[in-house]
Amino acid sequence: MILVYLVVCLGTANEATQIVQKCWNIPVFWTTAVVIASAALPAIPDLFKVFGYSELLPDDWKTTTGRLAFVCVGNWLLAAWMGTTAILTYRGPGHAQGWLVSTGLLLFVSAPLSVWWILRQIDEPALAMFRLIGIALVTKMADTGAYFAGRSFGRNKLAPVMSPKKTWEGLIGGWITAALVAVCYFGSTERIFDRATGWFVWGPILLASALTWFGLFGDLAESMMKRSGEVKDSGSSLPGLGGVWDVTDSLIPAPILGLLAIEFGLI
């Protein structure tokens, strides 16, 4: 998982950076090292364990809350470091804009993607992987359902300027597809709610709804950037699919929603 995780974070960040530079021709104040550092923040307790220093960290720092604290504080420090670099190299308004855009991208792309690592550490490993795969599966099935429903029934444009091919019919089709997949995938698992209350159905449906709508936001945010940079795909690293960001756009908000669903006992 570590290799896939790093490739996803680096690929998404690299393509976002290239589009920003093409859009506005401003300096970007993050590097491969910054992205890796941001992605590794929730794994700090695990790195301490690997190197035999686990006892140096308080137990509270190894919890989900502790890992989230590493993400929040760590990304703030990284943004401050990028800001310091911008100040020291300041040559005009472009540097200030570059730092602001860089910080926004870091917080929008790398910080949420790092939560995937936190999901992998919650509960026992098999259950954690089951949930992680399910969250990603439901998210991408929403995309798939929207694509086929849009092609078959699409009439009313959803965002004609940013993404002309998206339709409301496609969104509804993706929503229904995601809900069905979520119920089938998560509906048989035990959770803190009594099955008699119906939460074994409504919990996954609520998660699927959130993943569909916030996944759309991630998709449209990327479309806005690509439209500004006058590019069709974020890259060409995945033949037939475009770039890494074209695949991960809807997955960026997903781990945060998945974490909330786990904490509230929906899955």
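Scroll up to find the structure.
Definitions and limits used
- Residues numbered from 1 in each chain as written.
- Predicted model: local features only at pLDDT ≥ 70, side-chain atom pairs only at ≥ 80, totals over all residues.
- Heavy atoms only, no water.
- Helix = DSSP H or I, 4+ residues; strand = E, 2+ residues; numbered from the N terminus.
- Rg over C-alpha atoms; globule rule 2.2 N^0.38 Å.
- Buried < 20%, exposed > 50% of the residue type's maximum accessible area, 1.4 Å probe, protein only.
- Contact = heavy atoms within 4.5 Å.
- Areas by Shrake-Rupley, 256 points an atom, 1.4 Å probe, with all protein chains shown as cover.
- Pairing = 2+ DSSP bridges.
- Core = buried A, V, L, I, M, F, W, Y, C linked by side-chain atoms within 4.5 Å.
- Phe/Tyr/Trp six-rings, centres within 6.5 Å; stacked < 30°, edge-to-face > 60°.
- Patch = residues over 30% accessible without salt bridge, like charges linked within 9 Å, V, L, I, M, F, W, Y side chains within 5 Å.
- Salt bridge = Lys/Arg side-chain N within 4 Å of Asp/Glu carboxyl O.
- Axes fitted to C-alpha atoms, helices over the stretch in contact; angles between N-to-C directions.
- Left-handed = near helix turned anticlockwise from the far one by under 90°.
- Nonpolar A, V, L, I, M, F, W, Y, C, P; charged D, E, K, R; others polar.
- Parallel < 35°, antiparallel > 145°, perpendicular 65-115°, else oblique.

Visitor: Would you take a moment to explain the overall build of the protein chain for this structure?
Guide: Helix and strand counts for the protein chain stand at 10 helices and two strands. Moving toward the C terminus, one meets the helices and strands of the protein chain in the order α-α-α-α-α-α-β-β-α-α-α-α. Over its C-alpha atoms the protein chain spans a radius of gyration of 20 Å, differing by no more than 12% from the 18 Å that the globule rule assigns to 267 residues. When the backbone C-alpha atoms are referred to their principal axes, the protein chain occupies close to 65 × 55 × 30 Å. The buried share of the protein chain, reckoned over its 267 residues, is 48%. In the protein chain, once contacts between residues fewer than 6 apart in sequence are set aside, the share between residues at least 24 apart is 70%. About 13800 Å² of surface is accessible on the protein chain, with carbon and sulfur atoms providing 70% of the total.

Visitor: Even after reading the chapter, I still don't get the pairing of strand 2 (residues 163-167), so can you show me in this structure?
Guide: Along any regular strand the residues' side chains alternate between the sheet's two faces. Summarising the sheet, strand 1 (residues 157-159) and strand 2 pair through two bridges and their orientation is antiparallel. Across the sheet, the residue bridging to Lys157 is Thr167, located in strand 2. Taking the residues that link successive antiparallel strands as the turn, the strand 1-strand 2 hairpin has three residues.

Visitor: So what exactly am I meant to see when it comes to the nonpolar core here?
Guide: Nonpolar side chains in soluble globular proteins tend to be buried together. In terms of nonpolar packing, the biggest core is built from 58 residues, with Trp30, Trp116, Leu119, Ile135, Val138 and Phe186 touching the most fellow members. Broken down by secondary-structure element, the contributors of at least two residues to this core are helix 1 (2-24), helix 2 (32-40), helix 4 (64-88), helix 5 (93-121), helix 6 (125-153), helix 7 (168-186), helix 8 (199-229) and helix 10 (254-263). The element that contributes the greatest number of residues to this core is helix 5, accounting for 10 residues. One finds Ala159, Leu171, Leu216 and Leu220 within the second-largest nonpolar core, a separate group that totals five residues.

Visitor: Is there a simple way to think about the packing of aromatic side chains in this case?
Guide: The relative placement of two aromatic rings is captured by the distance of their centres and the angle of their planes. Considering all chains together, one arrives at seven aromatic pairs under this definition. Plain terms: the ring middles of Phe130 and Phe186 are 6.0 Å apart, the flat faces sit at 85° to each other, and that makes the pair edge-to-face. Here Phe130 is found in helix 6, whereas its partner Phe186 is found in helix 7, with 56 residues between them in sequence. Taking the relative accessible area as the measure of exposure, Phe186 reaches 1% and is therefore buried. A connected cluster of aromatic rings, assembled from ring pairs, spans Phe130, Tyr185 and Phe186.

Visitor: Explain a nonpolar patch on the surface to me, please; I cannot follow it from the model alone.
Guide: On the surface, Leu47, Val50, Phe51, Tyr53 and Leu56 cluster together to form a nonpolar patch covering roughly 580 Å² of accessible area. Locating Leu56 in the fold gives a position in the loop between helix 3 (44-50) and helix 4. The exposure class assigned to Leu56 is exposed, which follows from its relative accessible area of 57%.

Visitor: Just checking my understanding: could you explain unusual backbone geometry for this structure?
Guide: Peptide bonds are, in most cases, trans, and in most cases residues other than glycine have a negative phi. One non-glycine residue with positive phi stands out, namely Asn25, at about 55°. As for its placement among the helices and strands, Asn25 is situated in the loop between helix 1 and helix 2. A positive phi angle is found at Asp123, which is not glycine, with a value near 65°. Structurally, the position occupied by Asp123 is in the loop between helix 5 and helix 6. Judged by relative accessible area, Asp123 falls into the partly exposed class, the value being 48%.

Visitor: Would you explain the packing of helix 6 against helix 7 in this entry?
Guide: For any two helices packed against each other, one specifies the crossing angle of their axes together with the interaxial distance. Between helix 6 and helix 7, whose axes approach to 6 Å, the crossing angle comes to 150°. Seen along the crossing, helix 6 lies across helix 7 with a hand that is right-handed. Of the residues in the contact of helix 6 with helix 7, the class split is 16 nonpolar, seven polar and two charged.

Visitor: It is not clear to me how the packing of helix 4 against helix 5 should be interpreted in this structure. Could you clarify?
Guide: Where helix 4 contacts helix 5, the two axes come as close as 10 Å, and the packing angle between them is 160°. Judged on the interaxial angle alone, helix 5 and helix 4 are roughly antiparallel. Of the two elements, helix 4 crosses helix 5, and the hand of that crossing is right-handed. Judged by residue contacts, Thr64, Arg67, Leu68, Val71, Asn75, Leu78, Ala79, Met82, Gly83 and Ala86 of helix 4 engage His95, Trp99, Ser102, Thr103, Leu106, Leu107, Ala111, Ser114, Trp117, Ile118 and Gln121 from helix 5. Of the residues assigned to the contact of helix 4 with helix 5, the class counts are 12 nonpolar, eight polar and one charged.

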